[in-house]
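A look at the structure
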Amino acid sequence: MPICEAFGSCIPNVSWTAVTGEKLTCHAVFSNAFILLLRLWRFSLPPIEHVMGGAATPALGSQLGPEYLLLVRNCMLASFGKSPKDRVRSRRFSKLISFSTEPLFMDSFPKLNIWYRQHRECIESTCSTLAPGPGGSVSQIVEALLSMMCRKINRSAQTLTPTTSGSSNSSTSSLDDALMKLKVPAWDILEATPFVLDAALTACAHGRLSPRELATGLKDLADFLPATLGTIVSYLSAEVTRGVWKPAFMNGTDWPSPAANLSTVEQQIKKILAATGVDVPSLAIDGNGPATLPLPLAAFLSLTITYKLDKSYERFVVLVGPSLIALSSGCPWPCMPIVGALWAQKVKRWSDFFVFSASATVFHHSRDAVVQLLKSCFTSTLGLGSACIYNNGGVGTLLGHGFGSHVSGGISPVAPGIFYLRVFRSIRDVMFLTEEIVSLLMLSVRDIANGGLPKGEVDKLKKTKYGMRYGQVSLSASMTRVKHAALLGASFLWISGGYGLVQSLFTETLPSWFLSAQGLEQEVGESGVVVAMLRGYALASFAVLSGTFAWGIDTSSPASKRRPKVLEIHLEFLANALDGKVSLRCDCATWRAYVSGVMSLMVSCTPLWIQELDVGMLKRISNGLRQLNEEDLALRLLEIKGTSVMGEVAEMISQSRF
């Protein structure tokens, strides 16, 4: 930040020659430091308004930025120097560099602060509402930049931009004159860049600038001051999310065409998804229709394709590359396959990466694909189904062993867990996941009880000579696998939506499930009772594990303050149901197993949760447990609360003796 602030304020009148022979100016030093700063705060993420996710997950953009970097720096320095080891390091560093240990804030870097405010304003508003006044220094820099970018076009820069009409010399200015006008501090050039981009993109949209000329102009701008890449990325990303630009037809005439290998990319995507157990026919690519991209994305893609992949451009590619992937992943289907096809044409060794990225994008656009992926995660981890490609189960089948072309004849299958870890942050609405995970957990329990076979195959086995003896497993083995299924479901719930989804599980999803028993087929006979009981225990383990992930088992986590309120709501529902005030539609065995299971886990694993609960609530739950013939559990529940319920404990002990 200090390097950016200092060198970005200098006029490039002198240059230096580095040891490597490279000629350096203050613009070059500023650009290197500025691009490194952008990468430090993960600038490649989409703008805030483009970040996907429901109310359960905070916007990713709100957690990152220069302010966050300064906050980390201030916290680290505040705790630095207190140990003897830190003092030794401090003396060693002081011989090389001196730095202030005082807290720093954005106001300490006024130029950077001004740019950052403009950066956020350009994301939130169109450039037309932020246009500079005619005749000012910013307008002159805008005209000079446009003249430099469009030097091969026999037009004036003034025809490209309606916002810079104050100069009468722009039509006769030469490239040398434009470069002389651009001998200004880098911060001033960055301030003018959004208006240059808006003018160039508008000119291209109206046919006054060809796509090839636009890409060349953007490349010239980035070569002149590489730091402008940050503004180019943020401006084009914001314009894509606004959706006001006409589509660009990637026909090979105006814009580059992906036709050479787009169908191959589509087939590879289908193979990867099929191997993962996902089939989304609604997202098939229409090979007969023209491939289109939003105009700003097409311009961004064309710019990135112009870069050579050598060391001199490496630091720029690592900035624009992730930004291009993040932006195209959030655009309508099939933008990402088109981008991947074009980049695969340029760099064949990157083909696998782009195919994998395009495959992951499917889950951004289809809720059904997300559900299928979650189901595949359960199936693979638990080793369910005779036709499953992951029969052995376990974490290895969930996460796999990497990705790449290690299988002859194409890309090797991608483990479903790797896919989910790649895409869960980009799911547009995570609130539906709670019910889906509960539903998948219940289906998994049924298959576990049936020896790992789907219901249809179990029905066939019942009609064979040996009946259900084939494939049967013990109850203890089934309980072990049910616990694994509950742990898997709780893990997916927690990473997908955090506190919000866990809270909705306790306050909304579980109560409504017991009131309606949605989507469950009633099992009959002895196996039906076992399945119902296992479902209750699975839900109990699932609930307690989810709560443990979110709130912890003690008070050390700040999130533990939310725990008592959520538990009170859930236990109020349990108490009302036990008192007969609520009519349940689930199987009685499921309900009994859930109540005894969840309270048993709380008593043995999270006793502090019980201590936080209201005494009256615990008395009601204890009475309900006694009605379920769980006297020992009811007694242990009250014992944990302590002296405030000693009377009830004594009464229960006396009743148990007589």
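Right above here is the structure, for reference.
The shown structure was predicted, so the numbers you read here are calculated from the model rather than taken from an experiment. (Residues numbered from 1 in each chain as written. Predicted model: local features only at pLDDT ≥ 70, side-chain atom pairs only at ≥ 80, totals over all residues. Heavy atoms only, no water.)

This part is about the environment of Thr276. Among the secondary structure elements, Thr276 is positioned in helix H11 (residues 262–276). Separated by 96 residues in the primary sequence, Thr276 and Gln372 have C-alpha atoms spaced 9.0 Å apart. Engagement of the side chain of Thr276 in a polar contact is seen with the backbone oxygen of Ile272, the distance being 2.7 Å. Side-chain polar atoms of Thr276 contact the backbone oxygen of Val414, separated by 3.3 Å. (Helix = DSSP H or I, 4+ residues; strand = E, 2+ residues; numbered from the N terminus. Polar contact = N/O pair within 3.5 Å; in protein donor to acceptor, adjacent residues only side chain to side chain.)

Moving on: the packing of aromatic side chains. Summed over the entire model, instances satisfying the criterion amount to 21 aromatic pairs. Between Phe514 and Trp591 the ring centres are 5.3 Å apart and the planes differ by 80°, which places this aromatic pair in the edge-to-face class. With Phe514 in helix H21 (residues 475–516) and Trp591 in helix H24 (residues 588–605), the pair connects residues that are 77 residues apart, well separated along the chain. You can call Phe514 buried: its relative accessible area is 0%. Grouping aromatic residues by their ring pairs yields a cluster made of Phe30, Phe34, Trp41, Trp115, Tyr116 and Trp187. The side chain of Arg367 reaches across the aromatic face of Phe432, ending 4.2 Å from its centre. (Phe/Tyr/Trp six-rings, centres within 6.5 Å; stacked < 30°, edge-to-face > 60°. Buried < 20%, exposed > 50% of the residue type's maximum accessible area, 1.4 Å probe, protein only. Lys NZ or Arg CZ within 6 Å of the ring centre and 35° of its normal.)

Turning our eyes to something else, we now look at the pattern of salt bridges. One pass over the structure, following the stated rule, counts eight salt bridges. A salt bridge links Lys219 to Asp223, with the shortest nitrogen-to-oxygen separation between them at 2.8 Å. Of the two residues, Lys219 and Asp223 are both situated in helix H9 (residues 211–224); the distance of four residues between them amounts to about one turn of the helix. Relative accessible area serves as the criterion here: at 13%, Lys219 is assigned to the buried category. The exposure class assigned to Asp223 is partly exposed, which follows from its relative accessible area of 36%. One salt bridge connects Lys270 with Glu266, and the closest N-O pair in it is separated by 3.6 Å. Of this pair, Lys270 and Glu266 both sit in helix H11, four residues apart, which is roughly one turn of that helix. Overall, the relative accessible area of 42% leaves Lys270 in the partly exposed class. Taken together, the shared-partner salt bridges connect Glu572, Asp579 and Arg620 into one network. (Salt bridge = Lys/Arg side-chain N within 4 Å of Asp/Glu carboxyl O.)

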